[in-house]
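For reference, the chains in residue letters:
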Amino acid sequence: MTDAVDPIAPMLAVLLQREGGYVDHRDDRGGPTNWGITDAVARAHGWTGSMRNLPRSLALAIYRQRYWQQPGFEAVAAHSSRVAAELFDIGVNMGPGVAAFMLQRSLNALNRNQRDWPDIVPDRVVGPDTLAALARLLAVRGSDGEAVLLKALNALKGARYIELAEARAANESFLYGWLAHRVA
């Protein structure tokens, strides 16, 4: 596939470069990771070997299926590749349901008291109603609306990272890097 046909390819390249290879940080609740994939996620996808040996190709397949296709971010890309890329990044680091919830909250807050589109249920699933609200935002507000939505998602992401560090002192080990590298 070419990048033009496969919008996730450039995101995966950046992600794998950022996540690097094998890491076993004492403060990471996810335990050992490789390419950013946790042990539990790798096992759920059939990996039985050492995390040190997790193939890059399996990591890519997991990211594509679990963090792009399954949560519906691929469908978001048909409306906005920038929003889809942001959701993918949030989903990888916080979980796809959290990313979808942030999108839904933002869309509800930006609908001008339902004058532009009806509120959607923040159910953590990117479905037809969420996609319709996104399409309507882009139709009504255009590229400025897309930029504001991205700011809203980044604001929610930054606030969540701080909440995670406040709730668990060990997460302070990661807070600076999260804010420096994941919040625009």
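Details of the structure are given in the entry above.
As a starting point, this report considers the structure included with it.

Time to look at the packing of aromatic side chains. With the rule as written, the count across this model stands at five aromatic pairs. Between Tyr161 and Trp178, the aromatic rings sit 4.8 Å apart at their centres with planes inclined by 25°, giving stacked as the arrangement. Remark: Trp178 occurs in helix α8 (residues 172-182) and Tyr161 occurs in helix α7 (residues 128-167); sequence separation between them is 17 residues. Its relative accessible area of 16% is what places Trp178 among the buried residues. Taken together through their ring pairs, the aromatic side chains of Tyr63, Tyr67, Trp68 and Phe88 make up a single cluster.

With that settled, the discussion passes to the packing of helix α1 (residues 8-19) against helix α3 (residues 56-69). Packed helices, taken two at a time, are described by the angle between their axes plus the distance between the axes. As a packed pair, α1 and α3 sit with axes 11 Å apart at the nearest point and diverge in direction by 120°. Relative to α3, the element α1 lies oblique. Considering only the axes of α1 and α3, their crossing is right-handed. Only Arg56, Leu60, Tyr63, Arg64 and Trp68 of α3 make contact with α1, whose side of the interface consists of Ile8, Met11, Leu12, Leu15, Leu16 and Glu19. When grouped by side-chain class, the residues that make up the contact of α1 with α3 number eight nonpolar, no polar and three charged.

With that out of the way, let us pick up the nonpolar core. In terms of nonpolar packing, the biggest core is built from 49 residues, with Tyr63, Phe88 and Leu107 touching the most fellow members. Mapped onto this core, the elements with two or more residues apiece are α1, α2 (39-44), α3, α4 (73-77), α5 (81-94), α6 (96-109), α7 and α8. Residues within four places of Tyr63 in sequence aside, it is in contact with Ile8, Leu12, Leu15, Leu16, Glu19, Trp35, Gly36, Ile37, Trp68, Phe88 and Val92.

Looking at the largest pocket, its volume works out to about 1000 Å³. If you go around the largest pocket, you meet 31 residues; those closest to its centre are Asp28, Thr38, Val92, Asn93 and Trp178. For the lining of the largest pocket, the elements supplying multiple residues, two or more each, are α1, β2 (37-38), α3, α5, α7 and α8. Looking at which element gives the most residues to the lining of the largest pocket, the answer is α8, with five residues. Grouping the constituent residues of the lining of the largest pocket by class yields twelve nonpolar, eleven polar and eight charged. Taken as a whole, the second largest pocket holds about 180 Å³ of empty space. Secondary-structure elements contributing two or more residues to the lining of the second largest pocket are α1, α5 and α8. Examining the composition of the lining of the second largest pocket, we find that five residues originate from one element, α5, more than from any other. A breakdown of the residues in the lining of the second largest pocket according to their chemical character gives eight nonpolar, one polar and five charged.

The rules behind each value
- Residues numbered from 1 in each chain as written.
- Predicted model: local features only at pLDDT ≥ 70, side-chain atom pairs only at ≥ 80, totals over all residues.
- Heavy atoms only, no water.
- Phe/Tyr/Trp six-rings, centres within 6.5 Å; stacked < 30°, edge-to-face > 60°.
- Helix = DSSP H or I, 4+ residues; strand = E, 2+ residues; numbered from the N terminus.
- Buried < 20%, exposed > 50% of the residue type's maximum accessible area, 1.4 Å probe, protein only.
- Axes fitted to C-alpha atoms, helices over the stretch in contact; angles between N-to-C directions.
- Parallel < 35°, antiparallel > 145°, perpendicular 65-115°, else oblique.
- Left-handed = near helix turned anticlockwise from the far one by under 90°.
- Contact = heavy atoms within 4.5 Å.
- Nonpolar A, V, L, I, M, F, W, Y, C, P; charged D, E, K, R; others polar.
- Core = buried A, V, L, I, M, F, W, Y, C linked by side-chain atoms within 4.5 Å.
- 1 Å grid on protein atoms, 1.4 Å probe; cavity = no way out; pocket = protein on both sides within 12 Å on 5 of 7 lines; lining within 4 Å.
- Points joined across faces, edges and corners; volume = space filled by probe spheres on them.

Keep in mind that these numbers describe shape and distance, not what the molecule does.
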